[in-house]
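# Results of the structural survey
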Amino acid sequence: GDQWRALTKIKVREGPSINAAQYLDKVVNKDEIFVAAEERRAKVPTEGKHRRYLRIAGTKGWVFDLGVAGAWYGKPVAEPVYEDEEGPED
């Protein structure tokens, strides 16, 4: 799957929906990199963008790439990590 980086703390949910229940004990922390094993696109746009739901590899938990509340509403909360950006090679 693709690698993603969290831009803020993201609560992990039980399904690919903003209405899915949140896991109380699972979050992706800011700057943490995770692998998305599955990706689904929202049918209805938020602020003109279609939210992507990302299932974290090896788990049943989902996060999304656009915020749903507060200062992060409609703004990216996760971004793809490109292989050429992992830093200088030794």
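All residue numbers refer to positions counted from 1 along the written sequence of the respective chain. Given that this is a predicted model, residues contribute local features only at a pLDDT of at least 70 and side-chain atom pairs are listed and counted only at 80 or more, while totals for whole chains, interfaces and linings are drawn from all residues. Side-chain numbers here rest on the full set of heavy atoms in the structure, without hydrogens or water.

### Regarding the overall build of the chain
Here a helix means four or more residues in a row that DSSP labels H or I, a strand means two or more in a row labelled E, and each is numbered from the N terminus. Of the regular secondary structure elements, the chain holds 0 helices and 7 strands. From first element to last, N terminus to C terminus, the chain shows the α and β order β-β-β-β-β-β-β. Scaling as 2.2 N^0.38, a compact globule of 90 residues should have a C-alpha radius of gyration of about 12 Å, and the chain matches this with 13 Å. Over its C-alpha atoms, taken along the principal directions, the chain stretches across nearly 45 × 30 × 20 Å. Accessibility here uses a 1.4 Å probe with only protein chains present; expressed as a share of the type maximum, an area under 20% marks a residue as buried, one over 50% as exposed, and anything in between as partly exposed. Within the chain, the fraction of its 90 residues that count as buried is 32%. For the chain, the proportion of contacts with a sequence separation of at least 24, taken over those separated by at least 6, is 49%. In this description the radius of gyration comes from C-alpha coordinates, and the expected globular size is given by 2.2 Å times residues to the power 0.38. For this analysis, residues touch if any pair of their heavy atoms sits within 4.5 Å.

### So, the packing of aromatic side chains
Two aromatic rings, drawn from Phe, Tyr or Trp (for Trp, its six-membered ring), form a pair once their centres lie within 6.5 Å of each other, and the interplanar angle then sorts them: stacked below 30 degrees, edge-to-face above 60, tilted otherwise. Applying the stated criterion to the full structure yields 1 aromatic pair. The interplanar angle of 90° and the centroid separation of 5.5 Å between the aromatic rings of tyrosine 53 and phenylalanine 64 together place this pair among those described as edge-to-face. Here the residue tyrosine 53 occupies a position in strand β5 (residues 52-56), and phenylalanine 64 occupies one in strand β6 (residues 62-64), the gap between them amounting to 11 residues. In this pair, the class of tyrosine 53 matches that of phenylalanine 64, namely buried. When the ring centre of tyrosine 23 is taken as reference, the NZ or CZ atom of lysine 26 above it lies at 4.1 Å. Geometry around phenylalanine 64 places arginine 51 over its ring, the cationic atom sitting 5.5 Å from the centre. A ring is scored as having a charge over it whenever the NZ atom of a lysine or the CZ atom of an arginine sits within 6 Å of its centre and within 35 degrees of its normal.

### Quick look at the nonpolar core
Here, the term nonpolar core denotes a set of buried Ala, Val, Leu, Ile, Met, Phe, Trp, Tyr and Cys residues that are joined through side-chain atoms within 4.5 Å. Counting residues in hydrophobic clusters, the biggest one holds 12 residues: Trp4, Ala6, Ile10, Val12, Val28, Phe34, Ala36, Leu54, Ile56, Val63, Val77 and Ala78. Beyond its immediate sequence surroundings of up to four residues, isoleucine 56 is in contact with Val12, Val28, Phe34, Val35, Gly61 and Val63.

### With respect to the pairing of strand β1 (residues 2-6)
Paired strands, as defined in this entry, are two strands with at least two bridges between them according to DSSP. Bridge analysis of β1 against strand β4 (residues 33-41) gives 4 bridges, and the strand direction is antiparallel. Across the sheet, residue arginine 5 finds its bridge partner in β4, namely isoleucine 33. Pairing analysis gives 3 bridges linking β1 to strand β7 (residues 78-80), with the strands arranged antiparallel. Residue pairing in the sheet places arginine 5 in a bridge with glutamate 79 of β7.

### Points about the side chain of threonine 8
As for its position among the elements, threonine 8 is in the loop between β1 and β2 (10-13). With relative accessibility at 16%, the residue threonine 8 sits in the buried group. Non-local contacts of threonine 8, meaning those with residues more than four positions away in its chain, are made with Val28, Asn29, Lys30, Trp72 and Val77.

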